[in-house]
Amino acid sequence: MRIAGAALNQIPIDWTHNLRTIREAIEQAKESGVELLCLPELCLTGYGCEDLFLSDWLPESALAHLQQVRPWTHGICVVVGLPVRLNHRTFNTAAVLRDGEILGFAAKQFLANDGVHYEPRFFYPWPAGETTTVQWAGEEWTLGDMIFEHQGVKFGFEICEDAWRPDDVRPACRLVGRVDLIVNPSASHFAMSKTDVRYHLVTEASRTFNCTYLYANLLGNEAGRMIYDGEILVARNGHLLLRNQLMSFKEVDMECVDVDFTTEQVRADEIQPLPAPDEYRELNQALSLALFDYMRKARSRGFVLSLSGGADSVMCAVAVAELVRLGAAELGTAEFMRRSGCFTSEEIERLAGPATPTPDQNTPGPKDASHSEPSEQQLTINQQLTRRLLTCAYQGTVNSSDDTYNSAKELADSIGAVFYDWTIDDEVTGYVGKIQHALHRELTWKTDDLALQNIQARVRAPAIWLLANVQNCLLMTTSNRSEASVGYCTMDGDTAGSISPIAGVDKDFVKKWLRWAETELNYPALRHVNNLQPTAELRPLEDKQTDERDLMPYVLLNRIERLAFYDRLSPQQVFAVLREEEAATDPELLKTYVKRFYSLWSRNQWKRERYAPAFHLDDYNVDPRSWLRFPILSGGFTEELNEL
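Residues numbered from 1 in each chain as written. Predicted model: local features only at pLDDT ≥ 70, side-chain atom pairs only at ≥ 80, totals over all residues. Heavy atoms only, no water.

Caption draft 1: Region of interest: the confidence of the model for the protein chain. Looking at the protein chain, the pLDDT average stands at 93 and 96% of residues meet or exceed 70. Per-residue pLDDT stays below 50 along residues 355-371; that stretch engages in 29 contacts with residues further than four places along the chain or on separate chains. (pLDDT = per-residue confidence, 0-100. Contact = heavy atoms within 4.5 Å.)

So this is what it looks like as structure tokens:
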């Protein structure tokens, strides 16, 4: 049987869009001779509908819209994910359709309730072994723990989280010997190196449960924070038969493979190799696709960035340039411009030409578009596209250095971004003068250090916001996760913005990624920032301010953060681990760092509550609206820190 998975780039409660991609996937599958097609979890409504799943009307509307899919399924068996509400309880289900009929609904038995997931808030888990009926417009179908059959092949379900449970309790353990195929429609969020975990999950399941395992994930930035890599996996008896290229810019990525269910043998030529994980490249592809989707789904016209020349703002600029490079390489220039929603038909014709073909959805571009080398002509076009999508401004003060200006200017010029340069000293002087007049005293660095630093960052916000508003663009804010943890940022200053793309990545990784991008992605202008020590440049230049002098070494900051809030250790436990790991470091200094981290963390929760939406890129983050909740007001670990 030729079986397939299709990764879909969906939008919550956008029925027109979601039905269109579902239909495209079915049509592509039919054209390719596919007999059974799996679409992702909750693809009809979108996975990120949040509390709308608790309403009566959304699941009812989903069931009504499912009827539109029925006539598209003649000659093929299709799995479609949607919520179903019964007796004031919502269930996460996968509908099986064939030849215009609904065969039934398989229901999810285990719900994700860790990290970024809060599924028990919206759904009820379905009890194993039980079934009920669903009624709509005079028709009735079975729903629950079900086994289906298509052309003599029996198949059952695990829906996303079902597969992440221990082997002795997950649904697959009860399907052994009863089915030939396990189908898994998923909405599994992206995190660096997670694809390697999924690969082992699927291949080991196919070996343990002696079956073929078909897995299909959502694709793209669906609802704002989560990114889905669109992974499609097919494994048989422990061998990988199919894996697609992740992070596609296509809205529909359909991949199929032939499986001989009459034998348990897998030929050597059927087995696919798995590329080694590369977190730098994974992050680049995820960040690029996330920004592209956020931009077009927010109906904005591009991005505006206060480009300081430091590591964080530079990484954000490169991410937009990579958005252009990767998107144009996969989709073709014309289709990329059309999909972005930022270009007129005249601009598309001028840059792409009237005869530029749109790649056939059935024919993928380069298997790894990030490795393709653009021609000189294409490079010029990419720079023009970047110029249209990214506007940067260097907002200097008397405390800014030539080093950061040169870093910002050369990078912006090399990628083609619009670059403005102005100073904000007059505005800073005006505000400082007002407060000095009100208080009848001079503000000095000795008595008012923090206030004088913050006013510079805050004064930068109004102009860059105005520029973004005038151009109908998203304002990017550039704080990273390390800064968010300790509040090393100015609210309504460098945190002002519509989207905070790298707030899920720690500062040490940002620095390493930029060194990788300089050579591997060929951005020679990054040599400036890669030779600089990270600095806010808010104190007088003679102070030689650096981030790590203000805080602590970033490597240690990240380690304390992970021990404290990923491993959930107490301050005393964190110190004990650090003493063992950092035997060469003075224990009193380690105590100072631990105390500083916990103190800064506690007093700055209110800042994390106010950050612009951030992408989830790592295996954890400090966003209280997705991964990590903490009280705004607390005792601040007073007793625990005193024990040190």
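Caption draft 2: How the structure looks around the pattern of salt bridges. Enumeration according to the criterion identifies 42 salt bridges in this entry. As a salt-bridge pair, Arg-85 and Asp-56 come within 2.7 Å of each other at their nearest N and O atoms. You can see Arg-85 sitting in strand E3 (residues 77-86) and its partner Asp-56 sitting in the loop between strand E2 (36-38) and helix H2 (57-69), a full 29 residues away along the chain. Judged by its relative accessible area of 45%, Asp-56 is partly exposed. Connected via shared salt-bridge partners are Arg-20, Glu-24, Glu-251, Asp-293, Arg-296 and Arg-339. (Salt bridge = Lys/Arg side-chain N within 4 Å of Asp/Glu carboxyl O. Helix = DSSP H or I, 4+ residues; strand = E, 2+ residues; numbered from the N terminus. Buried < 20%, exposed > 50% of the residue type's maximum accessible area, 1.4 Å probe, protein only.)

Caption draft 3: Structural detail: the pairing of strand E11 (residues 212-217). Summarising burial for E11: six of the six residues are buried, a large majority. Neither face of E11 is open: one carries Thr-212, Leu-214 and Ala-216, the other Tyr-213, Tyr-215 and Asn-217, and all of them are buried. Where strand E10 (residues 181-186) meets E11, six bridges bridge the pair, whose relative direction is parallel. Along E11, the bridge assignment pairs Val-183 with Leu-214. (Pairing = 2+ DSSP bridges.)

Caption draft 4: Geometry of the packing of aromatic side chains. Throughout the structure, instances matching the rule amount to 31 aromatic pairs. Taking the centre distance of 4.0 Å and the plane angle of 25 degrees together, the rings of Phe-565 and Trp-601 count as stacked. Taken together, the residues span a long stretch of sequence, with Phe-565 in helix H17 (residues 554-565) and Trp-601 in helix H19 (residues 587-603) at a distance of 36 residues. No difference in accessibility class separates Phe-565 from Trp-601, as the two residues are buried. Seen in terms of ring centroids, Phe-630 and Phe-637 are 6.0 Å apart; in terms of plane orientation they differ by 20 degrees. Their pairing is stacked. We classify Phe-630 as buried; its relative accessible area is 16%. Looking at Arg-481, its charged tip hangs above the ring of Tyr-620, at a distance of 4.2 Å from the centre. (Phe/Tyr/Trp six-rings, centres within 6.5 Å; stacked < 30°, edge-to-face > 60°. Lys NZ or Arg CZ within 6 Å of the ring centre and 35° of its normal.)

Caption draft 5: Structural view of the sheet that holds strand E17 (residues 303-306). Pairing in this open sheet of four strands is parallel, and the strands run E19-E18-E17-E20 from one edge to the other. In the strand order of this sheet, the two ends are held by strand E19 (418-423) and strand E20 (474-476), each with one partner. Between one strand axis and the next, the sheet turns by 25 degrees as a mean value, whatever way the strands run. Where E17 meets strand E18 (residues 390-396), four bridges bridge the pair, whose relative direction is parallel. (Axes fitted to C-alpha atoms, helices over the stretch in contact; angles between N-to-C directions.)

Caption draft 6: Structural context of the environment of Tyr-620. Mapping Tyr-620 onto the fold places it in the loop between helix H20 (605-610) and helix H21 (638-642). Judged by relative accessible area, which is 1%, Tyr-620 ranks as buried. On a C-alpha basis, the gap between Tyr-620 and Phe-565 in space is 9.1 Å, while along the polypeptide they are 55 residues apart. If near-sequence neighbours (up to four positions away) are discounted, Tyr-620 is found in contact with Arg-481, Gly-504, Asn-558, Glu-561, Arg-562, Tyr-566 and Trp-627. Within the local environment of Tyr-620, its side chain forms a polar contact with the side chain of Arg-481, the two groups lying 3.3 Å apart. (Polar contact = N/O pair within 3.5 Å; in protein donor to acceptor, adjacent residues only side chain to side chain.)

Caption draft 7: Structural view of unusual backbone geometry. In the Ramachandran plot, Cys-160 falls in the positive-phi region, its phi being about 45 degrees despite a non-glycine side chain. Tracing the backbone through its elements, the reader meets Cys-160 in the loop between strand E9 (153-157) and E10. In this structure, Asn-472 takes a positive phi of about 55 degrees despite not being glycine. Among the secondary structure elements, Asn-472 is positioned in the loop between helix H12 (449-470) and E20.

Caption draft 8: Inspection of a nonpolar patch on the surface at higher detail. A surface patch of nonpolar side chains, amounting to about 340 Å² of accessible area, comprises Trp-606, Ile-632 and Leu-633. With respect to the element layout, Trp-606 can be found in helix H20. Exposure remark for Trp-606: the relative accessible area of 35% places this residue in the partly exposed category. (Patch = residues over 30% accessible without salt bridge, like charges linked within 9 Å, V, L, I, M, F, W, Y side chains within 5 Å. Areas by Shrake-Rupley, 256 points an atom, 1.4 Å probe, with all protein chains shown as cover.)

Caption draft 9: Region of the structure containing the packing of helix H7 (residues 333-340) against helix H8 (residues 345-352). Where H7 contacts H8, the axes come no closer than 9 Å and their chain directions differ by 160 degrees. On the basis of the axis angle, H7 is roughly antiparallel to H8. Handedness of the crossing formed by H7 with H8: right-handed. Every residue of H8 that contacts H7 at Thr-333, Ala-334, Met-337 and Arg-338 is listed here: Glu-347, Ile-348, Leu-351 and Ala-352. Of the residues assigned to the contact of H7 with H8, the class counts are five nonpolar, one polar and two charged. (Parallel < 35°, antiparallel > 145°, perpendicular 65-115°, else oblique. Left-handed = near helix turned anticlockwise from the far one by under 90°. Nonpolar A, V, L, I, M, F, W, Y, C, P; charged D, E, K, R; others polar.)

Caption draft 10: Seen up close, the sheet that holds strand E8 (residues 148-150). One open sheet holds the six strands; their spatial order is E8-E9-E10-E11-E14-E15, and the pairing between them is mixed. Edge positions in the sheet fall to E8 and strand E15 (239-243), since each of these pairs with one other strand and no more. Averaged over all adjacent pairs, the angle separating strand axes in this sheet is 25 degrees, with direction ignored. Inspection of the sheet shows E11 paired to strand E14 (residues 232-236) by five bridges, in the antiparallel sense.

Caption draft 11: Up close: the environment of Gly-416. Within the fold, Gly-416 resides in the loop between helix H10 (402-415) and E19. Look at Gly-416 and you get buried, because its relative accessible area is 11%. Not counting residues within four places of it along the chain, the set of residues in contact with Gly-416 comprises Gln-383, Thr-386 and Arg-387.

Caption draft 12: A look at the side chain of Thr-195. Mapped onto the elements, Thr-195 comes out in helix H4 (residues 194-208). Filtering out sequence-adjacent residues up to four positions away, Thr-195 remains in contact with Glu-231, Arg-243, Leu-246 and Glu-282.

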